[in-house]
Every structure is written in structure tokens, then in C-alpha cells.
Amino acid sequence: MELAKEQAFLAKLYVDAEFRGQFFGAPKMQATAFGLRGAALDRALELDAEQVRQFARALLQKRWLAIPKLMPRTAKVMRARLREQFMAYAADHPVHGIHKHVTDALAFAQYLNTPEAPPELSYELGHLAALHSRAIWVFRWVYLRQPMKQGPSKRLVFWWRIGNGPLHEYWIH
Amino acid sequence: MKTAAQDLPCLGVGLGFRDRYSTDLFSDDPGVDFLEITADHFFEASDSKQRQLELLRDRFTLIPHGLDLSLGSAEGLDAEYLSQLANLVNALNPPWWSEHIACTRAGGIQIGHLSPVPFNEKGRQVVVQNIHRVQEQIPVPLILENITYDVTLPGGSEVEGEFLARIMEETGCGLLLDITNLYTNTVNHGLDATVFLNALPAEHVVQLHFTGGHEANGRLVDSHSRATPEPVWDLMATVLQQFPVKGIILERDENLPPYEELRAEMHRARQLGRTWNRWS
């Protein structure tokens, strides 16, 4: 069905920054390569580039709004750098699923997980994994920042739930 | 199945439920006549979320509001999402429930927000076909919300009000008229609100949404994050004079203020409704 194809094209345009750049760089070639023909092709060529980019920015902003709520410790430490990193990550990483905000935050946390990442991220990686997997239990080494000492300390944290019950958390000294 | 406003109960003025206001809502006088709940938040609900739903249901009339059914998707509906939605709505058995005239999913991609449907015959046929499928699984009356949009889709042969009116006539659905969305589109796209409203079948306008957004780069953003601006209040007065509205929901999602600010806005909306004899 022509409209289904057109909507698939629009969806990709909205969420895929690379595809969007390719399309507005060579509209007819890219739209034709996607499979649009006739009136659908004509409509694609009439799209307002700034409107499409505006919507794409709005989609990223909407995804961003959930991140500080799901990663509060990392957000507090990284501040504006967290948003910069997320916007760069999200432009090329669309998200799926019913609980997509948790999925998005976990994938982003894993993306951030480099030797340069703040120790606070270690907690969020475990907590988000526990939220996302809905497994009975998850455990992870969590690194805590210590203001007066060299390097972070290490603690083992367990997260667990029973059935559909709440997620519990226990820190081992 | 026809959703004429006259056949539905008058609910008054309420709030989109947010966890932060749980304590206020269960006080002696929350100033709320009914609540709208985001349906998606109660899918695969944990025990605590299910208990929350039961407590809310015991105290308030709950109107489920879906976000991701994607009634405008030409590829059809997501069967799992529809099933979860049907389970929730049919279990609650509200006076009505709501979704959007929008596309949120296409070609295996979840867009992540409401995107517009082309205002033409093909777009309308897709929406009507999807609604008929929904009505087979969810007999509760459905009302449909107008959205804001950044992208004006080429190929539209109908104006938006006329497009919505024809969908309501062909499906029997009511309208969830989002006044803030209408106002936002008048500012951002030059939509004529009077033309839009005059195209609507009066008996189908069931419920309103209202809230405030913010301005960015010369455009209004439908962020649900600010107090309701005066032009939206003016538009609400016009709408309440013209249509037999049965309920109004304040839809504040971000930058949540103290509860008293929301109570004051609900009170103002309730007074406006009394001015036009929508409720006592």
C-alpha cells in the first residue's frame, strides 16, 4: 500500500539522522531508492526540510526528558555533559518497546560505560538492568566516589523482586 | 456505535493523573471531578501499580488515554498493544476512553511521538478502518484527540476540522478537543480556529484537554509544562459556548508545580463551564 510505504519513509526520516541528511542532500535519488514512486515521490519532494528537522529535534528532546529521572546520580555529576552525550547517542540509536524509556536509558548507560565514565554510572547500570530485565535478581559491583581518598570504593549491590512485586535493593558492606 | 455527547454522563473538570500528586488527590477536597490515566503506564503493571489503579478507581471515574495505538498507521494496528489496551479499558469500563488521530509507528520504527496523518481520503480511510477494528475489541465509546504537528504533510486535500468531522461521522466516535493543540497549530501553521471549530459536529465534542506550553525559536512547543496562557482560556470559553462538552482535563506533564496551582486552573475551567451551563 502506497501510504504504508510513505509512512515508513517518513518514520525513518524523523528518527534516523544519517538517512535524513542523505535525503535532503539528494531528495529524488534517495526517495526513489527507498521505493517511492509517482504521487508519493512528488509528496516526499515537497517536504519542508526545516519542519522535518524541527520534529526530529523534538523527538530527541522528548527522549531526553526521561534520562535525568532514570539516571539521577549520573545526571547530578555530569550535568550539561550528560545531555550533550545523550543527544549525540540518540541521533543514531532509535528505541523500541513498551517500556522504551527504561530501554533507552539502559542502552545509553551502556554506551557511556567507558573508563572515563563517572563512578556513579555503575549504580545506574545495575539499577536499570534490574528494572529492564524483570529478572528475579540482578547484582553488580557499584563504585562510590570518596571525596577524601584516592579512587572510588567498591560495593556489591543486589536488586531483586518477587513476581510482579516492587524492586528491592541491598548493599553488601 | 455512536458517541453523541448527549448520551454520555457529565463528568466536570479533572486532571491527568501524575504520581507526584497522589497524596493531594486522596485529601478531603482535591478539587477534582474525574481523572485521566495514561493507559500505557498500566500495561504489564507491577503489583504496586495495580494496587494504585484499584485505589484510584475506587475514588474517581477514570478515563484511559492511550498514546501508542497509532490509529493513522496504514500498515494496521499492533495486535499486542491493542490487546493490552482492550484488557485495561474493558476492565475499567469507563464512560469513554481516548486516543489520538496520529501515526506513532511505521515500517518497524517507533517514532516516539505523535506524527500527523495526511488530511485526505486515503488518510481518512486508514483511520476509519483501524477504528472499526478497535471497536470490535473495545465496545466502550472512543473519543479521538486532535494533535499538534511540526510537519505539514504534502497532499492534504481537506482542512483539519473537516477531516476530523468526517472520521467522526464514519465511525461514530466522539472528539477529545485539545484546545492547547488547536491554539498551538493556529500560531505555528496559521490554522483558522473558527473554521476548524465550525466544521465540527457539535454533538460529537465530548471532552477537552488544556494546558500551557513554551516558546522556542519563534514557535510554540506543546510541552505541557507551563500554566495555561490567556489565549487558551479565551478559546476554551468559545468552545464551551459552542459545544455540549461533558468533561475537561488539565494535562500538565512537565515542570510540575505545587498542587494548588493546578487546583486553581481546574477551578477556573469549572467556573467557565458553569457560565455556559455545561454543569452546575
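Quick summary incoming for the structure in this document. All values reported here derive from a predicted model rather than from experimental measurement. (Residues numbered from 1 in each chain as written. Chains lettered and ligands numbered in written order. Predicted model: local features only at pLDDT ≥ 70, side-chain atom pairs only at ≥ 80, totals over all residues. Heavy atoms only, no water.)

**Things to note about the state of the cysteines**
Residues and elements named next belong to chain B. Note the threshold: The disulfide criterion used throughout: a pair of cysteine sulfur atoms within 2.5 Å. With a 1.4 Å probe rolled over the protein chains alone, any residue whose accessible area is under 20% of its type maximum counts as buried; one over 50% counts as exposed, and the rest are partly exposed.
One pass over the full model with this rule turns up zero disulfides over all chains. Cys-173 forms no disulfide, and the closest cysteine sulfur to it belongs to Cys-103, at a distance of 18 Å. Taking the relative accessible area as the measure of exposure, Cys-173 reaches 0% and is therefore buried.

**Some thoughts on the pattern of salt bridges**
Between side chains of opposite charge, pairing is possible as soon as their charged atoms come close. All names here are of chain B. So the rule is basically this: The salt bridge criterion pairs a side-chain nitrogen of Lys or Arg with a carboxyl oxygen of Asp or Glu, the two atoms within 4 Å. The helix count covers DSSP runs of H or I at least four residues long, the strand count covers runs of E at least two residues long, and both are numbered beginning at the N terminus.
Enumeration over the complete set of coordinates arrives at 17 salt bridges over all chains. Residue Arg-268 pairs with Glu-230 through a salt bridge whose shortest N-O separation is 2.9 Å. Here Arg-268, found in helix H9 (residues 259-275), pairs with Glu-230, found in helix H8 (residues 230-242); they are 38 residues apart in sequence, far enough to count as distant. The class for Glu-230 is partly exposed, based on a relative accessible area of 42%. One salt-bridge network, held together by shared partners, links Arg-124, Glu-158, Arg-166 and Glu-170.

**Some details on the interface of chain A and chain B**
So the rule is basically this: Any two residues whose heavy atoms approach within 4.5 Å are treated as being in contact. When two parts are put together, the accessible area they lose, computed with a 1.4 Å probe and summed over both, is reported as buried area. For this analysis, a polar contact is any N or O atom pair within 3.5 Å, provided that within protein one partner can donate a hydrogen and the other can accept it, and provided that sequence-adjacent residues contribute only side-chain to side-chain pairs. Gly is placed with the polar residues, together with every amino acid not listed as nonpolar (Ala, Val, Leu, Ile, Met, Phe, Trp, Tyr, Cys and Pro) or charged (Asp, Glu, Lys and Arg).
Contacts between the two partners involve 31 residues from chain A, matched on the other side by 36 residues from chain B. The contact between chain A and chain B buries some 2900 Å² in all, and 62% of this surface belongs to carbon and sulfur atoms. Joining chain A to chain B, the criterion identifies one salt bridge. Seen at the junction of chain A and chain B, the total is six residue pairs in polar contact (both at pLDDT 80 or more). Sorting the residues of the side of chain A that touches chain B by element identifies helix H1 (2-15) and helix H5 (49-70) of chain A as the ones contributing at least two each. Its residues assigned to classes, the side of chain A that touches chain B shows 16 nonpolar, eight polar and seven charged.

**Notes on unusual backbone geometry**
You will see that Arg79(A), though not glycine, has its phi angle at about 50°, which is positive. By the secondary structure assignment, Arg79(A) is in the loop between helix H6 (72-78) and helix H7 (80-90). Look at Glu44(B): it is not a glycine, yet its phi comes out positive at around 50°. Note on placement: Glu44(B) falls in the loop between strand S2 (35-38) and helix H2 (47-59). Residue classification places Glu44(B) among the partly exposed residues on the basis of a relative accessible area of 40%.

**Looking at the nonpolar core**
To be explicit about the condition: Buried Ala, Val, Leu, Ile, Met, Phe, Trp, Tyr and Cys residues form a nonpolar core when they are joined through side-chain atoms within 4.5 Å.
Core analysis: the largest hydrophobic core is formed by 70 residues, its most contacted members being Leu177(B), Leu200(B), Leu208(B), Met236(B) and Ile248(B). Counting residues per element, this core draws most heavily on helix H3 (residues 79-92) of chain B, which supplies seven residues. Sequence-distant contacts of Met236(B), defined by excluding residues within four places in its chain, comprise Ile179(B), Leu208(B), Phe210(B), Ile248(B), Ala269(B) and Leu272(B). If you look at the next biggest cluster of nonpolar residues, it comprises 26 residues, including Ala8(A), Leu13(A), Phe19(A) and Phe23(A).

**Things to note about the pairing of strand S7 (residues 142-145) of chain B**
Regular strands show a simple pattern: their side chains alternate between the two faces of the sheet. Residues and elements named next belong to chain B. Put simply, the rule reads: Pairing between strands is defined by DSSP: at least two bridges between them are needed. By definition, the crossover connecting two strands over a helix is right-handed if that path, from the first strand to the second, turns clockwise as seen with the strands pointing away from the viewer.
Alternating residues of S7 divide into Leu-142 and Leu-144 and Ile-143 and Glu-145, and every residue in both groups is buried. Examined bridge by bridge, strand S4 (residues 97-100) and S7 share four bridges and lie parallel to one another. Within S7, the residue paired with His-100 across the bridge is Glu-145. The handedness of the S7 to strand S8 (residues 174-178) crossover, carried by helix H5 (residues 160-171), is right-handed.

Purely geometric numbers; function is a separate question.
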